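Below are the chains, spelled out letter by letter.
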Amino acid sequence: MNKVILMGRLTRDPDVRYSQGENATAVARYTLAVDRRFRRDGDQSADFIGCVAFGRQAEFAEKYLRQGTKIAISGRIQTGSYTNRDGQKVYTTDVVVEDQEFAESKAAAGGNAGGFQQQGGFQSTPAPSSAAGDGFMNIPDGIDEELPFS
């Protein structure tokens, strides 16, 4: 089984191109900075993983993803190779994105330490009065018997 799940921040805006031909397909490339759980002194604290998305996933990336956005993706690892202009063989490893979604709220994205500046496009709605500071609704005590999953 070839399955990858990653969560990280985009290092730059996605590079989106369209294939040639009658049925042009969007192809988005971006790099995710994925924090390491542990690190030794002198080691980098993140891995930078190349990702490629096709079709609707690429169009989503073009429309909504920006540098600094924290996302979670799932996909598969794909290796390949090509010969560069100098005649040297270059080996590649990419994650082919099958699913991608936002991994933090819009409010958290605006205040993250990575310097991400929100560029608008969405209208925010006020949180209900029963919402906690984290954006989730508080469930009152004693309501357990009414919940379908308790």
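An account of the accompanying structure is given in this report. (Residues numbered from 1 in each chain as written. Predicted model: local features only at pLDDT ≥ 70, side-chain atom pairs only at ≥ 80, totals over all residues. Heavy atoms only, no water.)

Things to note about the overall build of the protein
Alright, step 1. Across its full length, the protein holds two helices and six strands.
Alright, step 2. The order of α-helices and β-strands along the protein, N terminus first, is β-β-β-β-α-β-β-α.
Alright, step 3. The buried share of the protein, taken over its 150 residues, is 24%.
Alright, step 4. In the protein, 55% of the contacts between residues at least 6 apart in sequence involve partners at least 24 apart.
Alright, step 5. Carbon and sulfur atoms form 48% of the exposed surface of the protein, whose accessible area is close to 11,300 Å². (Helix = DSSP H or I, 4+ residues; strand = E, 2+ residues; numbered from the N terminus. Buried < 20%, exposed > 50% of the residue type's maximum accessible area, 1.4 Å probe, protein only. Contact = heavy atoms within 4.5 Å. Areas by Shrake-Rupley, 256 points an atom, 1.4 Å probe, with all protein chains shown as cover.)

What about helix H1 (residues 55–64)?
Alright, step 1. Residues Gly55, Ala58 and Ala61 constitute the buried set of H1. One side of H1 holds all its buried residues, which, seen down the axis, span an arc of 120°. Relative to its buried face, H1 has exposed residues pointing more than 90 degrees away, namely Arg56 and Lys63.
Alright, step 2. Considering only its buried residues, H1 is in contact with strand S2 (15–18), strand S3 (26–35), strand S4 (46–54) and strand S6 (89–102). (Arc of directions from axis to C-beta.)

Regarding the pairing of strand S1 (residues 4–10)
Alright, step 1. Direction of pairing for S1 relative to strand S5 (residues 70–83): antiparallel, over a ladder of six bridges. Within S5, the residue paired with Arg9 across the bridge is Lys70.
Alright, step 2. Pairing of S1 with S3, which is carried by two bridges, proceeds in the antiparallel orientation. When the bridges of S3 are listed, Leu10 appears paired with Leu32. (Pairing = 2+ DSSP bridges.)

So, the side chain of Ser74
Alright, step 1. The topology assignment puts Ser74 in strand S5.
Alright, step 2. In this structure Ser74 touches Lys3, Val4, Ile5, Val96, Val97, Glu98 and Asp99, once residues within four positions along its chain are discounted.

Things to note about the packing of aromatic side chains
Alright, step 1. Under the counting rule described, the total for this entry stands at two aromatic pairs.
Alright, step 2. Each ring, one from Phe60 and one from Tyr64, has its centre 5.0 Å from the other, and the planes form 50°; the classification is tilted. Highlighted residues: Phe60 and Tyr64, both in helix H1, separated by four residues, approximately one helical turn.
Alright, step 3. With a relative accessible area of 24%, Phe60 lands in the partly exposed category.
Alright, step 4. Note on Tyr64: relative accessible area 28%, which makes it partly exposed. (Phe/Tyr/Trp six-rings, centres within 6.5 Å; stacked < 30°, edge-to-face > 60°.)

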